[in-house]
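# Survey of secondary and tertiary structure
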Amino acid sequence: MVNPRTNFIARLDWLTIILFLVMVIFGWVNIFAATLNAEDPGSIFDFTQRYSKQFFYILTSLAIAIMVLTVDSKFWSFFAYPIFALALLTLPLTLLIGREVNGARAWIFIGSFSLQPAEFVKFATALALAKYLSRFNFQIHKFKSLVMIGVILMLPIGLILLQNDTGTALVFLVFVLVLYREGLSWVVLFVGGLAILLFILTLVVPLPILLPVISIVTLGATWLYQRNMKFFYFGFLSLGTLFGLAYLVSRYTGRDLSLSRLFFIASLIAFVLWLVLIIRKKHNPLLLLLLTWFGALVFIFSVDFVFHDVLEAHQQSRINQILGLESDPLGKGYNLNQSKIAIGSGGLLGKGFLQGTQTRYNFVPEQSTDFIFCTIGEEWGFLGSLFILALFTGLIIRIIYLAERQRSVFSRVYGYGVASLFFFHFAVNIGMTIGLVPVIGIPLPFFSYGGSSLWGFTILLFILIRLDTDRYQVVS
Amino acid sequence: MRNQNVNRKYVIGGMVLLTAVIFLFRLFYIQVIDQSYKLSSANNSQLRQIEYPGRGMIFDRYGKVLVFNEAVYDLLVLPQQVKSFDTADLCNLLAVDRLEFRESMQKAREFSRYRQSAVVRNVSPEQIAALQEKLYKYPGFSLQVRTQRKYPEPIAPHVLGYVGEVNQSDIDSDPYYQSGDYIGKSGLEAEYEEILRGRKGILFKLVDVHNRIQGSFDNGKFDTVPEPGKKLTITLDANLQQYGEKLMAHKRGSIVAIEPSTGEILAMISSPAYDPNELVGRIRGKNFERLTNDSLNPLFNRATMSRYSPGSIFKLVQALVALQMGVIDEYYSADCNKSIIGCHNHPNAHGLREGIRFSCNPYFYTVFRRIIQQGKSTSVFRDSELGLEAWNKIVTTFGLGQVLPVDLPGIKPGLIPDAAYYDKWYGNGRWAFSTIYSNCIGQGEVETIPIQIANLAAIIANRGYYFIPHFVKAVEGTDTIPSRFTQPIRTAVDPRYFDIISDGMQQVVYEPGGTGSRAQVPGVVVCGKTGTVQNVQKEDHSGFLAFAPKERPRIAIVAYVENSGAGGMWAATIASLMIEKYLNGTIAQTDKEQIILEYQQF
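Okay, so let's go over this structure.

What counts and what doesn't
Residues numbered from 1 in each chain as written. Chains lettered and ligands numbered in written order. Predicted model: local features only at pLDDT ≥ 70, side-chain atom pairs only at ≥ 80, totals over all residues. Heavy atoms only, no water. Helix = DSSP H or I, 4+ residues; strand = E, 2+ residues; numbered from the N terminus. Buried < 20%, exposed > 50% of the residue type's maximum accessible area, 1.4 Å probe, protein only. Contact = heavy atoms within 4.5 Å. Areas by Shrake-Rupley, 256 points an atom, 1.4 Å probe, with all protein chains shown as cover. Buried area = accessible area lost by both parts, 1.4 Å probe. Salt bridge = Lys/Arg side-chain N within 4 Å of Asp/Glu carboxyl O. Polar contact = N/O pair within 3.5 Å; in protein donor to acceptor, adjacent residues only side chain to side chain. Pairing = 2+ DSSP bridges. Axes fitted to C-alpha atoms, helices over the stretch in contact; angles between N-to-C directions.

### Quick look at the overall build of chain B
The helix and strand tally for chain B stands at 23 helices and 18 strands. Put simply, chain B has 602 residues, and 52% of those count as buried. Taking as baseline every contact in chain B between residues at least 6 positions apart, the subset at least 24 positions apart corresponds to 69%. With an accessible surface of roughly 26700 Å², chain B has 50% of that area assigned to carbon and sulfur atoms.

### Considering the overall build of chain A
For chain A, the count of helices and strands is 21 helices and three strands. The buried share among the 476 residues of chain A stands at 51%. Contacts in chain A between residues far apart in sequence, at least 24 positions, make up 68% of those at least 6 positions apart. A total accessible area of about 22000 Å² is found for chain A, and carbon and sulfur atoms account for 70% of it.

### Looking at the interface of chain A and chain B
Interfaces are often sized by the amount of accessible area the parts lose when they come together. Facing the 51 residues of chain A at the interface are 34 residues of chain B. The largest per-residue losses of area from chain A upon contact with chain B belong to Tyr180, Tyr361 and Phe382 of chain A, which jointly make up 17% of the total buried on that side. At the boundary of chain A with chain B, the tally comes to zero salt bridges. Linking chain A with chain B are seven residue pairs in polar contact (both at pLDDT 80 or more), by the criterion used here. Only α9 (176-181), α10 (186-204), α17 (334-344), α18 (357-360), α19 (372-404) and α20 (409-433) of chain A provide two or more residues apiece to the side of chain A that touches chain B.

### A short note on helix α16 (residues 313-323) of chain A
All names here are of chain A. By the burial criterion, the buried members of α16 are Gln315, Gln316, Ser317, Ile319, Asn320, Gln321 and Ile322. Each element contacted by the buried residues of α16 is listed here: α8 (166-171), α10, α15 (285-310) and α17. Just downstream of α16, Gly324 is the residue with a positive phi angle, here 80°.

### What about the pairing of strand β3 (residues 65-77) of chain B?
Residue and element names in this part refer to chain B. Two strands pair when backbone bridges link them, and strand β2 (residues 58-59) and β3 are joined in this way by two bridges, in the antiparallel orientation. Within β3, the position partnered with Ile58 by the bridge is Val67. Counted between consecutive antiparallel strands, the loop separating β2 from β3 contains five residues, among which Gly63 sits at a positive phi close to 90°. Where β3 meets strand β5 (residues 141-150), 10 bridges bridge the pair, whose relative direction is antiparallel. Counted as the bridge partner of Leu76 is Ser142 from β5. Two strands pair when backbone bridges link them, and β3 and strand β4 (residues 117-123) are joined in this way by four bridges, in the antiparallel orientation. Each residue of the ladder has a partner; that of Leu75, found in β4, is Val120.

### Here's the deal with the sheet that holds strand β16 (residues 527-533) of chain B
All names here are of chain B. If you walk across this open sheet you meet the five strands as β12-β11-β18-β17-β16, and the pairing is antiparallel. Either end of the sheet is taken by a strand with one partner, and the two such strands are β12 (264-271) and β16. Looking at each pair of strands side by side, their axes are set apart by 10° on average, direction ignored. Pairing of strand β17 (residues 541-548) with strand β18 (residues 555-561), which is carried by seven bridges, proceeds in the antiparallel orientation. Its bridge partner lying in β18, Phe544 is registered against Ala559. Its contacts with the sheet place helix α11 (residues 238-248) against β11 (253-259), β12 and β18, and it is angled at close to 25° to β12.

### Comments concerning unusual backbone geometry
Residues and elements named next belong to chain B. The omega torsion across Ser271 and Pro272 is 0°, close enough to zero to call that bond cis. Position of Pro272 among the secondary structure elements: in the loop between β12 and α12 (284-293). Cis geometry marks the peptide bond from Ala548 to Pro549, where omega comes out at -15°. Checked against the element boundaries, Pro549 lands in the loop between β17 and β18. Positioned with a positive phi, Asn297 is a non-glycine residue whose angle comes to about 60°.

### Side note on the sheet that holds strand β2 (residues 104-110) of chain A
Residues and elements named next belong to chain A. Taken in spatial order, the three strands make up an open sheet running β1-β2-β3, and their pairing is antiparallel. What marks the edges here is a single partner per strand, and that holds for β1 (99-101) and β3 (113-115). Adjacent strand axes in the sheet meet at a mean angle of 50° when their direction is disregarded. In this structure, β2 lies alongside β3, joined through three bridges in antiparallel fashion. Following the sheet pairing, Ile110 is matched in β3 by Phe113.

### Observations regarding the side chain of Asn563 of chain B
Residue and element names in this part refer to chain B. Of note, Asn563 is situated in the loop between β18 and α22 (570-584). Within the structure, the side chain of Asn563 is placed 3.1 Å from the backbone oxygen of Glu539, a separation counted as a polar contact. Not counting chain neighbours up to four residues away, the residues in contact with Asn563 comprise Arg252, Asn535, Lys538, Glu539, Asp540, His541, Tyr599 and Gln601.

### Considerations on the pattern of salt bridges
Residues and elements named next belong to chain B. On inspection of all chains with the given rule, the structure shows 30 salt bridges over all chains. Its salt-bridge partner being Glu189, residue Arg55 comes within 2.9 Å of it at the nearest N-O pair. A residue pair is termed long-range when its members are at least 10 positions apart, and Arg55 in the loop between β1 (46-51) and β2 and Glu189 in helix α9 (residues 187-191) qualify at 134 residues. The two residues Arg55 and Glu189 agree in class, both being buried. Where Glu330 meets Arg353, a salt bridge forms, and the shortest distance between an N and an O atom there is 3.0 Å. In this pair, Glu330 is assigned in the loop between α14 (314-325) and α15 (352-358) and Arg353 in helix α15, connecting sequence segments 23 residues apart.

### As for the environment of Ala566 of chain B
Residues and elements named next belong to chain B. As for its position among the elements, Ala566 is in the loop between β18 and α22. Given the relative accessible area of 44%, Ala566 is considered partly exposed. For the pair Ala566 and His541, spaced 25 residues apart in the sequence, the C-alpha separation amounts to 7.0 Å. The residues contacting Ala566, other than those within four sequence positions of it, are Thr532 and Ser542.

Note that all results are geometric; they support no functional claim without further evidence.
Structure (structure tokens):
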């Protein structure tokens, strides 16, 4: 009987490894289907074809996986910061010697092979974060801690934004889940969720309707304080009067401001007024509500500003397409439309391997990289999609389980980092192909074509598997 | 501290599961429930290629080809596949102007880089052979063959009509058509469009995102074969038609000849005319503009659209109505009293036959008055109203004042006034015979169309009935023609009265004082009637109606020559030549022919 406590091989989490192998192999099968040129199929070893390159990438990633497993666990915690620094340094390299692809300068080309350094920064950041959060006597709610965490996350985000690769930069926001697990107040997640909701509402609902509604809702919440409507009436009247005054003044002086601007001015005055009244009359619990309300207003206006004046046209368009505000199936919405057509036409059982017309005839742009899920959806149908969802959900839940059973904080934090990264890529990539998430160019781990992404995720995963083999050790 | 965070794993795990479940529902919806994506994917990857059938040919009554189809080549280009090439050489091969070619190439690129479009249309057959040899040097270019109409002889353009590209309203009214298809626009091409067009065949091909064909969908299981258009045989006599056009060259006017026993139209000439080959293919646009702007209106079919006052020809109708009403009989006489109404010099007419022979205006003035004022009311206005209504009722049974349902589009109805018409002009009870008397001699408010007059000749030839004039003789694949053309339509006038009229018409041609002596034809008894149509600003139109032979007539004909003076001069001569050509086959009256051919108005 093999004793896992003494046998390394037995300690390896084979379930995860098997999931990894299944994904990688099935991933290769789909890249084959997505990139096969029916007229001119080369052999598997014809390096002009993507499926042969991917085969090569898979072989090398297996070698890398084995190498990672052989390296001692302590190596990762010991060298976490240097690895992080090294990875960060490769980013500016792309700005110097890299080539622009799809508007972003994120790739370095060596011959006919290309490298995307950002993919390696992902696991490096997870390592650095794990190292920092596992410090002796670490407390997350200290100011110093939060600042350092901010630095660790902002460095990659900033450098990647310099590359003009907004999608990849967004990935790093998912580490908030890691922080949450390590004690970050649930308020952060709650506020984050609220912010997303407000963001969507700001774009979908016209401001002259949204602003009053939000205000009335918050005013209504004041009832909870003393089970009394008096605050509501007072607030309603005062705000209404202020708004009316602002409107009259603007009309009288001939400076026509938009309704929402007038509302903001009225709200500003109301805010000050109510702040003073609340402090004077010592209705302190209302303070929180007041600040939330005002914060929401400020947020709404900044979303409005950022959306219209900061985001680029194509980014605005992608968000609009998802929210259903814009429909341009032949122009800016082409990717999304073709993607849904390919997946949607798969039916229950799919059209069959190599039988997908949308895939075969290249109707989906980026069908071997960001939109690889379309090939699965079209050729393997709903059952195929279900299988992929099960694979990823299984992998992520398993990783969470692995993270939880770790004895060291470093391993646990790193494990949650791995889970979060996989979760983000899974959710955003597939969500994008089915029209629930704006088009953000990030790969589907193990399925999208590409050496850097495959290697990056392999390393990410196998470091955890290696760390996991130490789970019986006493924490030193 | 660690313990209070452990339960957060459920929150995070829960988020993961929730996301997966949402995706599951969404995928289930778009993959299984919503079927529209299947349709879109088919639309993407399937290409419906249309195969066009040959359009039906048109033949004359003896089987001579009037219209057939000629193969024509277009040069297509797929801009995405074009590599730099020797433009000068290609333009030379195609015999096109370099500038025009560049413009067409630019248009093709703007249309789509990934789809084919025609860059040069109607490459002449002479260039095809040379081009096909060298086409390999020009990747992205290919030849496509289609057919267009060709006319062996430039005759009967108004009858045959022309074919052009469909416009939006054509597509809207019949989904069979799509942009780029051709449809008959006028004449028989339009009237018999559904017979002539056949049925398109459809090939279902699979294409990739660049619209390149990758194969047949489902092995061609759904492909349909095109059905060629049906052959149409019409009643025209090509020789007679051609002869008539020769006679009418350089003149404004029309000729319509009908076979009375069947209503078959033997010839329909409208002049000025044009060469139908001019409205085909590349040159069509320019020629169409030129013809539309021509002040002589060559595109206008005078035979079916010109509204003339019938002039003296109408006296025949007046006579028949009067006889039928019983207000005159064949012996009715009246002096040529020029104070009532102007007339040329001739002996007084004794009897109806002489009235017709001399075409006496005062005679028919009195006839018409007898028709209109029958003394049925003490009020002269009411009496006229009653008389006119009764008159109108009989006249309209001659196919006048209404659209004759000939199988050609655009027939005008003409006008036969009724009481309501005059009421609108003058007010009820404010008009009487004295207001409307000019109608007695075919001037005034009555309007007729040449085809109606030809039909009138057929009615008299048949002694009282007619078949709706038509062009269709046979349609390939069917035994019969529409029954409305084979049912005789009786007028309201008793057949026995027609003998009197035809006698009178014979006298017009053969007796002294008859106005139509020029209508004589060697060896045939011709019945005719002149009709000089007064024209307000210019010279009178010359019109002549005839049928021959008097007993068992085989041809009924009308001829009009605009602004040429009295009917007995030009129109009668032309009618005579046409009748001679049709009945005798050759022309012995060469001097008459010479005169006609030399008479040119423009």
